[in-house]
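# Survey of secondary and tertiary structure
Here is what each chain is made of, one letter per residue.
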Amino acid sequence: MIEVTISKAECAMVLTIQMNFSYGGMMKQLAGIGLILCLIGCQQMPLQPEAADTVIRSPTNQDLRLVRGYRSTDDDCQLTGENAFTNDFLDDAADLVSCPSGSDAEQSLIEMYNPRQMAKTGGYTVYSVPRR
């Protein structure tokens, strides 16, 4: 008799093998099959709530047309293009830049350029940065 129990809550394996005959090779094969079944059960487990809570959520940018990083290609502060929301904020002598509100990138933009805050939307703060 072979009994395999997989506890999905803890991904623990209980494997009990009882046979009336002793074939060493067959026992190893059955133990291997039991281990594979346990691993498959663990792989198909849903994420625990603690793991799901650690997902980093990016701000939404539905009102903004984000073009590219402002100071570098990987800058979280983005050069922002024209659309119905930003039309009133555009200035020929300044760049429109949107940063995730409260981010380190936003703080460094403020320290570097002393921009004028124009609006907040969808987790972003929109700034007018004068061209120098």
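Now for a quick tour of the structure. This one's a predicted model, so the numbers in the text were calculated from it and none came from an experiment. (Residues numbered from 1 in each chain as written. Predicted model: local features only at pLDDT ≥ 70, side-chain atom pairs only at ≥ 80, totals over all residues. Heavy atoms only, no water.)

Spatially, the 5 strands line up as an open sheet ordered S3-S4-S5-S7-S6, and their pairing is antiparallel. Two strands bound the open sheet, and with one partner strand each, they are strand S3 (65-69) and strand S6 (116-121). For this sheet, the mean angle separating the axes of adjacent strands, direction not counted, is 35 degrees. Sheet topology note: the S6/strand S7 (residues 124-130) ladder contains 5 bridges and is antiparallel. Across the sheet, residue Ala 119 finds its bridge partner in S7, namely Val 126. In the packing of helix H3 (residues 104-113) onto the sheet, contacts are made with strand S5 (94-100) and S7, and the angle to S7 comes to roughly 20 degrees. (Pairing = 2+ DSSP bridges. Helix = DSSP H or I, 4+ residues; strand = E, 2+ residues; numbered from the N terminus. Axes fitted to C-alpha atoms, helices over the stretch in contact; angles between N-to-C directions. Contact = heavy atoms within 4.5 Å.)

Right, let's talk about the side chain of Asp 75 for a bit. If you trace the backbone, Asp 75 turns up in the loop between S3 and strand S4 (78-81). At a separation of 3.1 Å, a polar atom in the side chain of Asp 75 contacts the main-chain amide nitrogen of Cys 77. Leave out the neighbours within four places in its chain, and Asp 75 touches Gly 69, Tyr 70 and Ala 105. (Polar contact = N/O pair within 3.5 Å; in protein donor to acceptor, adjacent residues only side chain to side chain.)

So, on to H3. Listed as buried for H3 are Ala 105, Glu 106 and Leu 109. The buried residues of H3 all sit within an arc of 100 degrees when viewed along its axis, so they share a single face. What points out from H3, more than 90 degrees from its buried face, is the exposed set Asp 104 and Glu 111. Looking at the buried residues of H3, the elements they touch are S5 and S7. Looking one or two places after H3, you find Asn 114, whose phi comes out positive at around 50 degrees. (Buried < 20%, exposed > 50% of the residue type's maximum accessible area, 1.4 Å probe, protein only. Arc of directions from axis to C-beta.)

Worth remembering: the numbers are spatial, not functional.
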